[in-house]
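Fold and contact review
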Amino acid sequence: MRHSTTTSTAALLALGALLLSSCSPAGGSDSGSDEAEPSSEDVPVVLTTFTVLQDIAAEVGGDRVDVRSITPLGAEIHEYDPTPGDVRDAAEADLVLANGLGLEAWLEQFLDQSEASTVVVTDDIDPLSVTRLPGHPDDSTEMPINPHAWMSPQQGVKYVDAIDEALTDLSPQDAEVFAENADALREELEDLDAEARDRAEQLDDVHLVTCEGAFSYLAEDLDLGEHYLWPVNADDEGSPQQIEAQIRYVQDHQVPTVFCESTVNEAAQQQVAQDSGAELGEPLYVDSLSAEDGPVPSYLDLLRHDLELILDGADAEGSGR
């Protein structure tokens, strides 16, 4: 999961030129034309940088806003390359919602194509650096900020707060609707957080071992040990030194289950599991929701899915560990 070095200002300007040269800006033959057509109701267009934000904004906004995601389902956010259809959506947007904290390396150049205001929804979150691990080959380098605050139900409440405020500023006449929807989503997140805390407290010395260091906020909430193969967007993913460090950690702490994320290659983690004797769990979802018929079609589903896998994996029996 590396930041792309290929998306350049020139490429984005070329996309903008393609948009301006189109003779039918609201229609056309490409597959995204349906999304570009105006809504049957005159509602503001809210453009989010990835599908998790899209779902939160859609829950809060209801039918009072038309919410779209720049990155599609299953996309790798960090190194995403905007398409001509994305540029068109940027030109139509009334508001752009971004995560910030270094997640969207491509965003600043992309927004040159839009006149919409941009709200960074993590401004009220105290950022955490990716966890430093003693003896890990990346320990001597400066750890990046962990942008994955939405993986914590507690921090998710702050996302809801920020999006509620942003939508209210965009469409003040719908403030009451937004507030009611936001309250309902906050309540579900708070209940989910309480359930996860109760269960984690019943387990002894839980360690969350993953491919990427994307779980610091959740680990802090639940008082979990944390170990990763690579930090966020490392240039060296799954190196022999990283694998060796994680095998030692898994063996030292008798971790029964290790995990990888759905948008990355799990080959290195398969080696960790094989050499340590741990089980490789089902993929965790972080950067993207799934399709409607998949395991995590919504933000709440994503959190429930991952928490269940993590806590079930920590409580695994019969693994010989």
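Each remark here, short or long, concerns the structure printed above.
Because the structure is a prediction, the values reported are computed rather than measured.

With that out of the way, let us pick up a negative patch on the surface. Together, Glu187, Glu190, Asp191, Glu195, Asp198 and Glu201 make up a negatively charged patch on the protein surface. Its location among the elements puts Asp191 in helix 7 (residues 175-201). By relative accessible area, Asp191 is classed as partly exposed at 41%.

Counting residues in hydrophobic clusters, the biggest one holds 70 residues, and the most contacted among them are Trp150 and Ile163. At the level of elements, strand 1 (45-48), helix 3 (51-61), strand 3 (95-98), helix 5 (107-111), helix 6 (153-170), helix 7, helix 8 (216-222) and helix 11 (299-314) are the ones that each hand at least two residues to this core. With 8 residues, helix 11 is the largest single contributor of residues to this core. Leaving out residues up to four positions away in the same chain, Trp150 has contacts with Phe50, Val52, Asn99, Leu103, Tyr159, Val286, Asp287, Tyr299 and Leu303. By size, the runner-up hydrophobic cluster in this structure holds 16 residues, among which are Val209, Trp230, Val255 and Val264.

Here we take up the sheet that holds strand 1. Read from one edge to the other, the open sheet built from 4 strands follows the order 2-1-3-4, with strand pairing classed as parallel. Single-partner strands in this sheet number two, and they are strand 2 (66-69) and strand 4 (117-120). Between one strand axis and the next, the sheet turns through 25° on average, direction left out of account. Of the strand pairs in this sheet, strand 1 and strand 2 are connected by 4 bridges, and their pairing is parallel. Following the sheet pairing, Leu47 is matched in strand 2 by Arg68. Sheet contacts for helix 3: strand 1, strand 2 and strand 3; angle to strand 2, the most-contacted strand, approximately 170°. Its contacts with the sheet put helix 6 on strand 1, strand 3 and strand 4, and the angle it makes with strand 3 is roughly 170°.

So, about the environment of Ser276. Within the fold, Ser276 resides in helix 10 (residues 267-276). There is a polar contact of 3.2 Å between the side chain of Ser276 and the backbone nitrogen of Ala278.

Turning our eyes to something else, we now look at the packing of helix 9 (residues 240-253) against helix 10. Pairs of packed helices are described in terms of their axes, by the angle between the two and the distance that separates them. For the pair helix 9 and helix 10, the least separation of the axes is 9 Å and the interaxial angle reads 40°. In terms of orientation, helix 9 lies oblique with respect to helix 10. For the crossing formed where helix 9 meets helix 10, the hand is right-handed. Facing Ile243, Gln246, Ile247, Val250 and Gln251 of helix 9, the residues of helix 10 in contact are Ala268, Gln269, Gln271, Val272, Asp275 and Ser276.

Moving on, we get to the state of the cysteines. In this structure the tally under the stated criterion is 1 disulfide. Note that Cys211 is cross-linked by a disulfide to Cys260, the S-S spacing being 2.0 Å. Where Cys211 bonds to Cys260 through sulfur, the torsion about that S-S bond is close to -110°, and the disulfide is left-handed. With Cys211 in strand 7 (residues 207-212) and Cys260 in the loop between strand 9 (257-258) and helix 10, the pair connects residues that are 49 residues apart, well separated along the chain. Of the two residues, Cys211 and Cys260, neither departs from the other in class, the shared state being buried.

What follows deals with the packing of helix 7 against helix 11. The N-to-C vectors of helix 7 and helix 11 enclose an angle of 0°; their axes lie 11 Å apart at closest approach. Overall, the two elements helix 7 and helix 11 adopt an arrangement that is roughly parallel. Of helix 11, the residues touching helix 7 (which contributes Leu185, Glu188, Leu189, Leu192, Ala196, Arg199 and Ala200) are Tyr299, Leu300, Leu303, Arg304, Leu307, Glu308, Leu311 and Asp312. When grouped by side-chain class, the residues that make up the contact of helix 7 with helix 11 number 10 nonpolar, no polar and 5 charged.

Rules and cut-offs
- Residues numbered from 1 in each chain as written.
- Predicted model: local features only at pLDDT ≥ 70, side-chain atom pairs only at ≥ 80, totals over all residues.
- Heavy atoms only, no water.
- Patch = residues over 30% accessible without salt bridge, like charges linked within 9 Å, V, L, I, M, F, W, Y side chains within 5 Å.
- Areas by Shrake-Rupley, 256 points an atom, 1.4 Å probe, with all protein chains shown as cover.
- Salt bridge = Lys/Arg side-chain N within 4 Å of Asp/Glu carboxyl O.
- Lys, Arg positive; Asp, Glu negative; His and termini not counted.
- Charge placed at Lys NZ, Arg CZ, Asp CG, Glu CD.
- Helix = DSSP H or I, 4+ residues; strand = E, 2+ residues; numbered from the N terminus.
- Buried < 20%, exposed > 50% of the residue type's maximum accessible area, 1.4 Å probe, protein only.
- Core = buried A, V, L, I, M, F, W, Y, C linked by side-chain atoms within 4.5 Å.
- Contact = heavy atoms within 4.5 Å.
- Pairing = 2+ DSSP bridges.
- Axes fitted to C-alpha atoms, helices over the stretch in contact; angles between N-to-C directions.
- Polar contact = N/O pair within 3.5 Å; in protein donor to acceptor, adjacent residues only side chain to side chain.
- Parallel < 35°, antiparallel > 145°, perpendicular 65-115°, else oblique.
- Left-handed = near helix turned anticlockwise from the far one by under 90°.
- Disulfide = S-S within 2.5 Å.
- Nonpolar A, V, L, I, M, F, W, Y, C, P; charged D, E, K, R; others polar.

Purely geometric stuff here, so don't read any function into it on its own.
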